[in-house]
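Here is how the chains run, residue by residue.
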Amino acid sequence: MIKKITSASNPLIKELIKLKSVRERKETNSFIVEGKDMVDFCYENNMVKFIISDQEQSAYQCDQIIVPTFILEKISSNKSVPSLMALSFYKEENKALGNKIVYLDGVQDPGNVGTIIRTALAFGYDDVILSIDSASKYNEKTIVSSKGAIFKIIPRDNLTIDQLKELGYYIIVTSLKGAIPYKEVSKKDKFVLVLGNEGQGVKEENILKADVVTKIAIENIDSLNVAIAGAILMNEYR
């Protein structure tokens, strides 16, 4: 179906504009993706409800909403407004947990969260789990910085370290205190790599639940960006 809408007061357009709010995205499990690359990722993973554009897009076999540029500007969250968008959604995660998991404990910068998801996909990890105080998977910057990886590894946000331990996962926690060098950690087939908050690191209560605590030796500065540290460790343990 192709539908043309020319008024910003149209009820559907009003609903799309509301999706600039992370809260609204979470409540509706819907969000706007912008630009051809992101739309293609959604489309390839069957996560497009409909296309939004200023002209008909023959490459996509799905419902399309055709709107003038000023409506695209109202819907978009970017200064540079693309001519192609899509209303997307996250599928329900029904598959079983994989063996290689990254757990983000209070990682609050959505750019870091998206980058870690992208890196996890690149290094063959099965799942990324977000603690309740990590940046939302509905945050626009999380989605954009994942470069489409978030449509292949949909983050889970309903599991704790305690639950993962009960499921038999080996818990590898990053910390500077009481830690061994990361290359000395025994390789396991079924494990969770826990990365912590940008300023405070992994919570003390989660450090106490670790099977092993590890660190990356560095010089001349006190810490690494969590996404950089995560990439080094994910590559080592994959």
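Note: the structure precedes this text.
Note that the coordinates shown come from a computational prediction; the quantities given were computed from them, not determined experimentally.

1. Description of the side chain of Asn206
Inference 1: Residue position: Asn206 is located in helix H8 (residues 204-207).
Inference 2: In this structure the side chain of Asn206 is engaged in a polar contact, spanning 3.2 Å, whose partner is the side chain of Asp105.
Inference 3: Excluding anything up to four places from it in sequence, Asn206 contacts Asp105, Ile161 and Val173.

2. Some points on the pattern of salt bridges
Inference 1: For the coordinates displayed, the defined rule picks out 12 salt bridges.
Inference 2: Lys95 is the partner of Asp127 in a salt bridge, and the nearest nitrogen-oxygen pair spans 3.2 Å. On the criterion of sequence distance, the pair formed by Asp127 in strand S7 (residues 127-130) and Lys95 in the loop between strand S5 (84-88) and strand S6 (100-105) is long-range, its members being 32 residues apart.
Inference 3: By relative accessible area, which is 42% here, Lys95 ends up partly exposed.
Inference 4: A salt bridge links Glu236 to Lys183; its shortest N-O distance comes to 3.1 Å. With a gap of 53 residues between them, Glu236 in helix H9 (residues 226-237) and Lys183 in the loop between strand S9 (180-181) and strand S10 (191-196) connect regions that are remote in the sequence.
Inference 5: Of the residues examined, Lys183 reaches a relative accessible area of 57% and is grouped as exposed.

Basis of the calculations
Residues numbered from 1 in each chain as written. Predicted model: local features only at pLDDT ≥ 70, side-chain atom pairs only at ≥ 80, totals over all residues. Heavy atoms only, no water. Helix = DSSP H or I, 4+ residues; strand = E, 2+ residues; numbered from the N terminus. Polar contact = N/O pair within 3.5 Å; in protein donor to acceptor, adjacent residues only side chain to side chain. Contact = heavy atoms within 4.5 Å. Salt bridge = Lys/Arg side-chain N within 4 Å of Asp/Glu carboxyl O. Buried < 20%, exposed > 50% of the residue type's maximum accessible area, 1.4 Å probe, protein only.

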